[in-house]
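Observations on the model geometry
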Amino acid sequence: FMIRLECDYAEGAHPRVLRRLTDTNFDQTVGYGEDTFCDKARAQVRALCGGGEDLSVHFLVGGTQVNTTVIAAALRPHQGVIAAHTGHINVHETGAIEATGHKVLPIPSEDGKLTAAAILALWRAHWTDATHEHMVQPAMVYLSQPTENGTLYSLEELDAIWQVCQSKGLTLYIDGARLGYGLMSKACDMTLPDLAIRCDAFTIGGTKQGLLFGEALVIRNRALNRDFRYLIKQRGGLLAKGRLLGVQFSAILEEELYFTLSRQADEFAMKIRRAFEAKGCPMLYDSYTNQQYPILPDKLLHELEREFAFAFWCKTDETHTAVRICTSWATTQRAVDTLLRRLKQFA
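The present account deals with the structure reproduced in this document. Predicted model only: the values in this text are computed from it and were never measured. (Residues numbered from 1 in each chain as written. Predicted model: local features only at pLDDT ≥ 70, side-chain atom pairs only at ≥ 80, totals over all residues. Heavy atoms only, no water.)

1. What about unusual backbone geometry?
- Residues Q145 and P146 are joined by a peptide bond in cis, for which omega reads 0°.
- By the element assignment, P146 lies in the loop between β5 (137-144) and α7 (155-168).
- Phi at D227 is positive, roughly 60°, even though this residue is not glycine.
- You can see D227 is positioned in the loop between α10 (222-225) and α11 (228-234).
- Non-glycine residue E255 carries a positive phi angle of around 55°.
- Among the secondary structure elements, E255 is positioned in the loop between α12 (243-253) and α13 (257-278). (Helix = DSSP H or I, 4+ residues; strand = E, 2+ residues; numbered from the N terminus.)

2. Some thoughts on the environment of E98
- With respect to the helices, strands and loops of the structure, E98 is situated in helix α5 (residues 96-99).
- Given the relative accessible area of 35%, E98 is considered partly exposed.
- Look past the residues within four positions of E98 in its chain and what remains in contact with it is K103 and V104. (Buried < 20%, exposed > 50% of the residue type's maximum accessible area, 1.4 Å probe, protein only. Contact = heavy atoms within 4.5 Å.)

3. What about the packing of aromatic side chains?
- Scanning the model with the defined rule gives seven aromatic pairs in all.
- When the centroid spacing of 6.0 Å and the interplanar angle of 55° are considered together, the rings of Y142 and Y173 count as tilted. Of this pair, Y142 sits in strand β5 while Y173 sits in strand β6 (residues 171-175), placing them 31 residues apart in sequence.
- Three or more aromatic residues joined by ring pairs make a cluster, and in this case those are Y285, Y293 and W313.
- Taking the ring centre of Y288 as reference, the NZ or CZ of R273 above it sits at 4.6 Å. (Phe/Tyr/Trp six-rings, centres within 6.5 Å; stacked < 30°, edge-to-face > 60°. Lys NZ or Arg CZ within 6 Å of the ring centre and 35° of its normal.)

4. Some details on the sheet that holds strand β3 (residues 79-84)
- Pairing is mixed in the open sheet, where seven strands are placed in the order β2-β8-β7-β6-β5-β3-β4. Of all the strands in the sheet, the pair left with one neighbour each is β2 (56-60) and β4 (103-107). In this sheet, neighbouring strand axes are inclined to one another by 25° on average, regardless of whether the strands run parallel or antiparallel.
- In the sheet, β2 pairs with strand β8 (residues 215-219) via five bridges, with the strands oriented antiparallel. Looking across to β8, one finds that L60 is bridged to E215.
- Lying on the sheet, α12 is in contact with β2, β7 (201-205) and β8; it crosses β2 at an angle near 110°. (Pairing = 2+ DSSP bridges. Axes fitted to C-alpha atoms, helices over the stretch in contact; angles between N-to-C directions.)

5. Remarks on helix α3 (residues 63-74)
- For α3, spanning 12 residues, the distance from its first C-alpha to its last is 17 Å, which sits close to the expected 16 Å at 1.5 Å a residue.
- With nine of 12 residues buried, α3 lies mostly within the body of the structure.
- For α3, the set of buried residues is Q65, V66, N67, T68, T69, V70, I71, A72 and A74. (Expected span 1.5 Å × (residues − 1).)

6. Structural notes on the pattern of salt bridges
- Tallied over the entire structure, the rule returns 15 salt bridges.
- Here E34 ties to R229 by a salt bridge, and the two come within 3.6 Å at their closest N and O atoms. Note that E34 is positioned in the loop between α1 (15-23) and α2 (36-48) and R229 in helix α11, a separation of 195 residues in sequence.
- Under the relative-accessibility criterion, E34 is labelled exposed at 52%.
- A salt bridge links K113 to E157, with the nearest nitrogen and oxygen atoms 2.9 Å apart. Highlighted residues: K113 in the loop between β4 and α6 (116-127) and E157 in helix α7, separated in sequence by 44 residues.
- Under the relative-accessibility criterion, K113 is labelled buried at 15%.
- E157 sits in the partly exposed class, given a relative accessible area of 31%. (Salt bridge = Lys/Arg side-chain N within 4 Å of Asp/Glu carboxyl O.)

7. Observations concerning the pairing of β7
- Across the five residues of β7, five count as buried, placing the element largely inside the fold.
- Covered by surrounding structure in β7 are A201, T203 and G205 together with F202 and I204, the residues of both alternating faces.
- One ladder, built from five bridges, connects β7 with β8; its direction is antiparallel. Across the sheet, F202 pairs through a bridge with V218, a residue of β8.

8. A short note on the nonpolar core
- Counting 58 residues, the largest nonpolar core has I119, L172, F202, I204 and I252 as the members making the most contacts within it.
- Top contributing element to this core by residue count: α12, with six residues.
- For I204, the contacting residues outside a window of four places in its chain are V45, G176, L179, L192, E215, A216, V218, F249 and Y258. (Core = buried A, V, L, I, M, F, W, Y, C linked by side-chain atoms within 4.5 Å.)

Any link to function would need more than the numbers given here.
Right under this line is the structure:
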């Protein structure tokens, strides 16, 4: 029996979500997300963001789909999107952004985060070049909270980035595929309403957070929202049975279940981190979310892999390997205890 800890989407969906899908299975509704279930979920999302009918909420199936659609809506053909070189759109989406007509403009990052200073430097480098019209114009900033490395932006850092974007006319989009795990981390100093007023658009992830599938896109910038459903349809994202997304989000957001599950996953992850550190294994990144990156002696890794599935991340030297260990909404106390017990058994 293998305990899988390599990602946070190994299981299906939370039982409440499945029950709600079953209970509403024969309800007849209109299609394409114009049903009462999606309307209810939109209202729930707006309330969690601090209210305001000015927030537009759209439901799409997956992360790459929503990223490509938002970026297409924000950019003109000659423009590109700034991202950390480790950002999801740069390394884990098979060139989807470039394939659909826009260039990712990567910035080197040690921890997976962008800084306001680095964004400003790239923007200035473009506009102070006498031949700038021969180059892709930076017009958008992409970041994720938490990052691909599990690291978190502080409220001060996000505020500084937002101010640069506002002053230079850059659209700011935040990928929240793991947003719950970020917000519920004890190291996070921002709330969902804090984030919602410091960007043009962001997502609340469902695929990695207890849904069968689905991402909720929240658009604050009205110009970005113009004709957005046309773009969703054009890019294959306007689900005919859109009610399935609304039903799932409505179920997971009730009674703060989304956040309760996220908090539990973070707590399990930190137990795992402390256990590896006590064993003398340093962390590749200073993550306080559900993603942990211990650097393991290869001998220890080979022993643990008999029972546990981790995600290979990189070789740090000839005898050590960094792996990603993910907890999730479905991780059990038993799985964590088993890993900690096995870890103690190895000298």
